[in-house]
Amino acid sequence: MAKKYDLIVVGGGPGGLMAAKTAAEDGLKVLLIERKRNITEINRVCSQVFYIRKLSPSKAGLHGDGYIESVSVEVAFETSRFHFPVPGFSLDYHGPLTPYLNWIQMSPSGHRVYIRKNNLYGFQLSKEAFVTELLASAQKAGAEVWPETIGMGAENTPDGVKVLVRGKQGEQTLEARVAIAADGVSSKIVDSLGLNKKRQVLGPPMTLVSYELEGVETDFPPDTWVDTCIPSINRFMVIFMAWLADGKTTHLVSGKEEVLHKFMEHPNFARWFRHAQVVKKMGHSATTRTPIKEPVEGNVVVVGDAAASVETWIQGAVAMAYMAVKAIEKELSGQRGYPEYIDWWQKAFYMHDPDYFPMIFRFFALANAWADDEEVDYIYSLFQDKEGWPITLINENLELIKERRPEFYERLQKGYEEAKKMFPECL
Amino acid sequence: MAYKITDECVKCGSCELECPNQAISEGDATYVIDPDKCTQCVGYFESPKCAEICPVDACVPDPDHEESREQLLEKWLRLHPGETTTVT
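The structure displayed is predicted, hence computed values, not measured ones.

Thresholds, definitions, all that
- Residues numbered from 1 in each chain as written.
- Chains lettered and ligands numbered in written order.
- Predicted model: local features only at pLDDT ≥ 70, side-chain atom pairs only at ≥ 80, totals over all residues.
- Helix = DSSP H or I, 4+ residues; strand = E, 2+ residues; numbered from the N terminus.
- Rg over C-alpha atoms; globule rule 2.2 N^0.38 Å.
- Buried ≥ 20, exposed ≤ 12 C-beta atoms within 10 Å, placed from the backbone.
- Contact = placed C-beta atoms within 7 Å.
- pLDDT = per-residue confidence, 0-100.
- Nonpolar A, V, L, I, M, F, W, Y, C, P; charged D, E, K, R; others polar.
- Domains from an automatic or database assignment.
- Pairing = 2+ DSSP bridges.
- Axes fitted to C-alpha atoms, helices over the stretch in contact; angles between N-to-C directions.
- Core = buried A, V, L, I, M, F, W, Y, C linked by C-beta atoms within 7 Å.
- Left-handed = near helix turned anticlockwise from the far one by under 90°.
- Parallel < 35°, antiparallel > 145°, perpendicular 65-115°, else oblique.

**What about the overall build of chain B?**
Then, number 1: Of regular secondary structure, chain B possesses three helices and four strands.
Then, number 2: Secondary structure of chain B in N-to-C order comes out as β-α-β-β-α-β-α.
Then, number 3: At 12 Å, chain B has a C-alpha radius of gyration in line with the 12 Å of a compact globule built from 88 residues.
Then, number 4: Across its three principal directions, the C-alpha atoms of chain B cover 35 × 25 × 20 Å.
Then, number 5: Here chain B, with 88 residues, has 41% of them falling under the buried criterion.
Then, number 6: In chain B, the share of contacts with a sequence separation of at least 24, taken over all contacts with a separation of at least 6, comes to 69%.

As C-alpha cells, this is what we get:
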C-alpha cells in the first residue's frame, strides 16, 4: 500500500520549503521532494533581494516589474525576523543582510538616472542562508525531505493526487490528499497537468549568467543597484550590477557570458574591473510564458515561479506558499479555500495587470531592440536629474522625444507595432 | 553521437528539465548526460534541447560516442517501446 501523505510539495526552493514548513507546523503530514542533491546550495542566478515597499503597478510606478502590498516585507533587525504584514506571518533570518538605498539606470557613457535616491527600498540577503533556515524549520516541524528526487508529473484522483517521482532508486508513484507544484518556471508538474496549453510562450528562452566578483573598484557604495543599458552589448536585457549581502562581493548579471565580458572590458567601465576576479559563476535558462491565471488544478496548487511569467521573487514565492497552505487547510477541512487563493494571486502581482506586458515591451522597444548606444545616452541625459524609470519618463515626455528625435520616435512606434503583431494576446 | 557536458557547466540545472529522454542528472562537478539515454533529441526535436538551453554552452557533441542518425533513432525506439517519434 503506498504511503499516503496529506501534502506532497514538489520543489525545495523558497516557495516549496515555506509550504512544507507551514504545513508541517500546522500538523499536516508533509513530504517535500527536491531534484538537487544539496537543497541549500544555490547555483541558479537569483538577485536575492527583498523589497520592503509597496510598489505601485501604475504607469507612473517606479518599478516596472512591480508587486503589491500583499507580498511586502518588513525587516526587524532587533529580533532577526522578516515580517510579512499582509498575510500575517514572520520568519527568522540570521544571515547577512545589507540595505538598498539607491537604484540607478546608467547609459553607455555613464549618465545616471535615479529610480531611487537615498531612499530605503530593499535588502540584499543570502538565499543560501535563508533556505537553510527554512529547511531546518520544516524538518524540525516533522516534514519529510527527499533530495535527489524529481517530480515528473501529477495526476488528480477522486480524493487526492498521485505524484510520479524519480530518484536514485528509479521511479515510483506517491499519493497524497493534495500536492503543491513549487518546481519553478519550467515546472514538470504544471506541464503534466496540461496547464501550459493555455499559456503563450514569450519568445526564445530567457538566458542569464551571473558572476560573483571580488576586487571590483567602483564609486558606487554597496547600497546601490545599477542597471546599465548598452544596446550594442546586449539588445534584450540590461546589465545588472549590485553587491551581495557581505557588502563587498560584486554581483554582475546579464544574458550570456560574453555580455558580462564586454561590459567588464567596455572603455567606460573597464577601470572598475582591473583587479576583479570571478569567484563564482551561475546560470539560468528557461522558457518564459504568460502566467497561469488560476493556479489550482484539482488537488494540485501551483506556487511561486511555477505559476509566473518569469518570477515571483523570493518574497513572492514565500507569501504565495503561505497562502497556498492556508487555502489547502481550509479545503481539507471541508471549506472553500481555493477561490480566495486564486483571487489573491491575481491581485498580488503586477504581471496580471493588463498594462504589464505593454509596459515590458515598450521598455524593450526603447532601451534595447530599437535604440542604439547614442540614443540611450541622449535619452538618459534628458532625464539625468529626474527620479524615475527612463521608460516611464519617456512615456510621459513622448512629445519631447518626437520633437527632438523624430526618427527615433518613429522607430519606437514601429517596434511597438511589430511587438503587438507578435504577441497579440499580451498587447 | 550522444552529447556530453563540459567543465564549463555551472550546475544551474536548466538542462535536466529540458531533456525529453531524462538522460541528464546531477553529478559532482557538473551535470552529466547518460550516453545510453541520449539520442541528441532525434525522435523528439530538430536539434538537441540541452545545447539550446544551456546558458554557458556546456552541452557539446561527445566524440567518444559517435552515432549515426539511424542509430540514434533506433535508440529512441528502444527507450520508448511502442511509441512513435514526433520528429524523424
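**Some words on the confidence of the model for chain B**
Then, number 1: Averaged over every residue, the pLDDT of chain B is 91; the share at 70 or more is 97%.
Then, number 2: At the level of chain-chain contacts, confidence expressed as ipTM amounts to 0.93, with global pTM at 0.93.

**A few points about the interface of chain B and chain A**
Then, number 1: Each side of the interface is counted separately: chain B has 13 residues, and chain A has 20 residues.
Then, number 2: Broken down by element, the residue count for the side of chain B that touches chain A peaks at three residues, all from helix H1 (residues 14–18) of chain B.
Then, number 3: Classifying every residue of the side of chain B that touches chain A gives seven nonpolar, three polar and three charged.

**Points about the domain arrangement of chain A**
All names here are of chain A.
Then, number 1: As assigned here, chain A comprises domain 1 (4–48 + 127–201 + 289–352), domain 2 (101–116 + 204–286) and domain 3 (356–422).
Then, number 2: Taken over C-alpha atoms, the centre of domain 2 sits 22 Å from the centre of domain 3.
Then, number 3: Counting residues at the interface gives 16 residues for domain 2 and 18 residues for domain 3.
Then, number 4: With four residues, the top contributor of residues to the side of domain 2 that touches domain 3 is strand E9 (residues 112–116).
Then, number 5: For the side of domain 2 that touches domain 3, the class distribution of residues is nine nonpolar, five polar and two charged.

**Section: unusual backbone geometry**
Then, number 1: The phi torsion at asparagine 118 of chain A lies on the positive side, around 50°, for a residue other than glycine.
Then, number 2: One non-glycine residue with positive phi stands out, namely aspartate 57 of chain B, at about 55°.
Then, number 3: C-beta crowding within 10 Å serves as the criterion here: with 12 such atoms nearby, aspartate 57 of chain B is assigned to the exposed category.

**Overview of the pairing of E9 of chain A**
Residues and elements named next belong to chain A.
Then, number 1: Where strand E8 (residues 102–106) lies against E9, four bridges are found, and the strand directions are antiparallel. Bridge assignment links glutamine 105 to a residue of E9, and that residue is valine 113.
Then, number 2: A loop of five residues connects E8 with E9, the two strands running antiparallel in sequence, and glycine 110 in this loop sits at a positive phi of about 100°.

**Some points on the sheet that holds strand E6 (residues 89–92) of chain A**
All names here are of chain A.
Then, number 1: Strand order in this open sheet of three strands is E4-E5-E6, and the pairing throughout is antiparallel. Edge positions in the sheet fall to strand E4 (74–76) and E6, since each of these pairs with one other strand and no more. Each neighbouring strand pair of the sheet contributes to a mean axis angle of 25°, computed without reference to strand direction.
Then, number 2: Sheet topology places strand E5 (residues 81–84) next to E6; four bridges connect them, and they run antiparallel. Pairing of phenylalanine 84 across the sheet is with phenylalanine 89, part of E6.

**Details of the environment of lysine 414 of chain A**
Residues and elements named next belong to chain A.
Then, number 1: Along the chain, the position of lysine 414 falls in helix H11 (residues 406–422).
Then, number 2: Among the residues examined, lysine 414 registers 12 C-beta atoms within 10 Å and is labelled exposed.
Then, number 3: The sequence separation of lysine 414 and isoleucine 52 amounts to 362 residues, and the corresponding C-alpha distance is 37 Å.

**Remarks on the sheet that holds strand E10 (residues 122–125) of chain A**
Working definition: the strands of a sheet are paired by backbone hydrogen bonds and lie parallel or antiparallel to each other.
Residues and elements named next belong to chain A.
Then, number 1: Spatially, three strands are ordered E3-E10-E7 in an open sheet, and the strand pairing comes out antiparallel. Two strands bound the open sheet, and with one partner strand each, they are strand E3 (49–51) and strand E7 (97–100). If you compare each strand with its neighbour and ignore which way they point, the axes differ by 25° on average.
Then, number 2: Taken together, the four bridges between E7 and E10 define a ladder with antiparallel strand orientation. Among the inter-strand pairings, leucine 97 is bridged to a residue of E10, identified as leucine 125.

**Some details on the nonpolar core**
Then, number 1: Val303 and Ala324 of chain A are the most contacted members of the largest nonpolar core, which has 136 residues in total.
Then, number 2: For valine 303 of chain A, the residues in contact, after removing those within four places along its chain, are Gly15, Ala19, Ile180, Ala181, Ala182, Ala317, Met320, Ala321 and Ala324 of chain A.

**Focus: the environment of phenylalanine 273 of chain A**
Residues and elements named next belong to chain A.
Then, number 1: In this structure, phenylalanine 273 sits in the loop between helix H4 (257–265) and strand E19 (277–286).
Then, number 2: Take phenylalanine 273: there are 23 C-beta atoms within 10 Å of it, and that puts it in the buried class.
Then, number 3: For phenylalanine 273 and lysine 330, which are 57 residues apart along the polypeptide, the C-alpha to C-alpha distance reads 54 Å.
Then, number 4: Look past the residues within four positions of phenylalanine 273 in its chain and what remains in contact with it is Val216 and Met264.

**Description of the packing of helix H1 (residues 14–25) of chain A against helix H5 (residues 313–332) of chain A**
Packed helix pairs are characterised by how far apart their axes lie and by the angle those axes make with each other.
All names here are of chain A.
Then, number 1: As a packed pair, H1 and H5 sit with axes 8 Å apart at the nearest point and diverge in direction by 35°. Considering how the two elements wind past one another, H1 and H5 form a crossing that is right-handed. Every residue of H5 that contacts H1 at Pro14, Gly15, Met18, Ala19, Thr22 and Ala23 is listed here: Ile314, Ala317, Val318, Met320, Ala321, Tyr322, Ala324 and Val325.

**Comments concerning the packing of H1 of chain A against helix H2 (residues 127–140) of chain A**
All names here are of chain A.
Then, number 1: At a minimum axis separation of 8 Å, H1 and H2 run at an interaxial angle of 25°. The orientation of H1 relative to H2 falls into the category roughly parallel. Seen along the crossing, H1 lies across H2 with a hand that is left-handed. Residues Pro14, Leu17, Met18, Ala20, Lys21 and Ala24 of H1 lie in contact with H2, whose contacting residues are Phe130, Val131, Leu134, Leu135, Ser137 and Ala138.
Then, number 2: When grouped by side-chain class, the residues that make up the contact of H1 with H2 number ten nonpolar, one polar and one charged.

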